[in-house]
Amino acid sequence: MNMKFAFTVIAASLALASAGQASATIADQGTQGTLGGPEMFLAVWDSTAQKSYIRDLGVSFNDFLPAAGLGITSGLASKLDKTTLGNVITSTAAPVAGNYAFGAKPTVALGSVLTSGYSLNFAADPTLVSYLGTAGSLPSSLQWMVGSYDATLNGTVNGQRAMTTSNGTVAVSNSVLGNFATGSASYITANNGLMPAGNAANGSATADKATGGSAYFDAAGAPMASWGNNAPFSNLAAVGSSQKFWYLGISSNNGSDAAGVTPFTNASWKLDTAGNLAYTVAAVPEADTWAMLLAGLGMMGFIARRRLQG
């Protein structure tokens, strides 16, 4: 399955594709290209040295959405999401969790990443560690985020949508969410132009403030920390720490209405100091497990009361 990402600006992506860059870049989301929808990316920022890094993860937006009617409850709670072409996601089984070397394309079925206990692990890109690290390790002073944005069906419910890391309070209006793509387009496009054409399935790029232009994470005042100065929350965390994951979608045709915001329950992303990235959904106990746990707690309470009464 082709899981090349989708993130912004049709013309720029077509130009890059014709130049032989398409196999390495974060693909454009506005073309209604693949049913997988936009691709996820990792960005890492050194605010002190004023350098940044971006990586095409090779997994798609819709890999993280539930298939309609499958009863998936451990990831995104909603069951109404469609692909960028409006087709219901129909795949079911999750692949075996594992580590993927940099540049490899993970095989992930649509909607499968949400399965309880599933994890997706990306091995470190040597470029990340050498560019932003010291002695083979990334300092905790670095900040990182994971996300993607889809503006394929502008102005329709869930036609503009985003996925983002954040440990803050995530709330945004429809009109502000609709600006995420515009505020982020130059960053994605500029970095796509820096990714080497021969970099297999998924590429990476680096930039600095002095010479990187729009490819630098903070080119216009921390723009990607707040999705192009649009989000009223930060998507960043320190290297070595985890972040919660969120789905945002246009909720109505009224721009001032609050956009739909749904947390991925029991799910988190983490970038460790070795440069490895992992997405993990904690296993949810089965109903009978919960019953046994509650029964056990009840028995402990009964015994404690008997002891107090004795």
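Residues numbered from 1 in each chain as written. Predicted model: local features only at pLDDT ≥ 70, side-chain atom pairs only at ≥ 80, totals over all residues. Heavy atoms only, no water.

**Comments concerning the overall build of the protein chain**
Test applied: Elements are defined by DSSP. Helices are runs of H or I of four residues or more, strands are runs of E of two residues or more, and each kind is numbered from the N terminus. Residue exposure (1.4 Å probe, protein chains only): buried if accessible area is under 20% of the type maximum, exposed if over 50%, otherwise partly exposed. The contact criterion used is simple: two residues touch if any of their non-hydrogen atoms lie within 4.5 Å. For the area figures, the Shrake-Rupley method with a 1.4 Å probe applies, and any residue is considered shielded solely by the protein chains shown.
Each helix and strand in the protein chain was counted, giving 5 helices and 11 strands. Expressed as a percentage of its 310 residues, the buried residues of the protein chain come to 46%. The long-range fraction of contacts in the protein chain, counting pairs at least 24 apart against all pairs at least 6 apart in sequence, stands at 68%. About 12700 Å² of surface is accessible on the protein chain, with carbon and sulfur atoms providing 58% of the total.

**Regarding the environment of leucine 138**
Along the chain, leucine 138 turns up in the loop between helix 2 (126-132) and strand 5 (143-150). Separated by 102 residues in sequence, leucine 138 and glycine 240 have C-alpha atoms that sit 8.7 Å apart. In contact with leucine 138, other than residues within four places in its own chain, are Leu128, Val129, Leu132, Gly133, Val239, Leu271, Asp272, Thr273 and Gly275.

**Describing the confidence of the model for the protein chain**
To be explicit about the condition: Every residue carries a pLDDT, the predictor's confidence in it, which falls somewhere between 0 and 100.
Overall, the prediction assigns the protein chain a mean pLDDT of 74, with 64% of residues at 70 or greater. Per-element confidence in the protein chain ranges from a low mean pLDDT of 29 for helix 1 (residues 10-18) to a high of 98 for strand 8 (residues 237-238). Throughout residues 1-23 the model reports pLDDT below 50, and contacts reaching past four residues in sequence, or to other chains, amount to 88 contacts. Every residue in residues 30-35 is under pLDDT 50, and counting partners more than four places away or in other chains gives 13 contacts.

**Examining the packing of aromatic side chains**
Let me state the cut-off plainly: For Phe, Tyr and Trp, where Trp contributes only its six-membered ring, two rings pair if their centres lie within 6.5 Å, and the inter-plane angle classes them as stacked under 30 degrees, edge-to-face over 60, or tilted in between.
With the rule as written, the count across this model stands at 10 aromatic pairs. A ring pair is formed by phenylalanine 41 and tryptophan 227, whose centres lie 6.2 Å apart and whose planes are at 70 degrees; its orientation type is edge-to-face. Of this pair, phenylalanine 41 sits in strand 1 (residues 39-46) while tryptophan 227 is found in the loop between strand 7 (204-208) and strand 8, placing the two residues 186 residues apart along the sequence. Tryptophan 227 matches phenylalanine 41 in its accessibility class, with the two residues each being buried. Measuring from ring centre to ring centre gives 6.0 Å for tyrosine 187 and phenylalanine 217, while their planes differ by 90 degrees; the resulting arrangement is edge-to-face. Remark: phenylalanine 217 occurs in the loop between strand 7 and strand 8 and tyrosine 187 occurs in helix 4 (residues 180-192); sequence separation between them is 30 residues. Residue tyrosine 187 shares its accessibility class with phenylalanine 217, and that shared class is buried.

**Side note on the environment of alanine 151**
Along the chain, alanine 151 falls in the loop between strand 5 and strand 6 (161-165). As a C-alpha pair, alanine 151 and leucine 177 span 26 residues in sequence and 9.8 Å in three-dimensional space.

**Examining the side chain of serine 52**
Inclusion rule: Pairing of N or O atoms within 3.5 Å defines a polar contact, subject to two protein rules: one partner must be a possible hydrogen donor and the other a possible acceptor, and residues neighboring in sequence count only if both atoms are side-chain atoms.
Looking at where serine 52 falls in the secondary structure, it is placed in strand 2 (residues 51-60). Separated by 3.0 Å, the side chain of serine 52 and the backbone nitrogen of phenylalanine 217 make a polar contact. Beyond its immediate stretch of four places on either side in the chain, serine 52 contacts Val44, Trp45, Tyr131, Ala205, Thr206, Ala207, Ala215, Tyr216 and Phe217.

**Some details on unusual backbone geometry**
The phi torsion at alanine 135 lies on the positive side, around 55 degrees, for a residue other than glycine. Secondary-structure assignment places alanine 135 in the loop between helix 2 and strand 5. Of note in the backbone geometry, tryptophan 227 takes a positive phi value of approximately 50 degrees without being a glycine.

**Some thoughts on the pairing of strand 5**
Put simply, the rule reads: Two strands form a pair only when DSSP identifies at least two bridges running between them.
The buried fraction of strand 5 amounts to 7 of the 8 residues, a majority that puts the element mostly inside the structure. Looking at chain direction, strand 1 and strand 5 are connected through 5 bridges and run antiparallel. Paired with tryptophan 45 across the strands is glutamine 143, a residue of strand 5. Where strand 5 lies against strand 8, 2 bridges are found, and the strand directions are antiparallel. In the strand pairing of strand 8, glutamine 143 is matched with alanine 238. Across 4 bridges, the pairing between strand 5 and strand 6 is antiparallel. Counted as the bridge partner of aspartate 150 is arginine 161 from strand 6.

**Quick word on helix 4**
Note the cut-off: Given the number of residues in a helix, its expected span is that number minus one, multiplied by 1.5 Å.
In this model helix 4 runs 18 Å from its N-terminal to its C-terminal C-alpha over 13 residues, within 8% of the 18 Å that 1.5 Å per residue would give. Every buried residue of helix 4 is accounted for by Phe180, Ala181, Ser184, Ala185, Tyr187, Ile188, Asn191 and Asn192.

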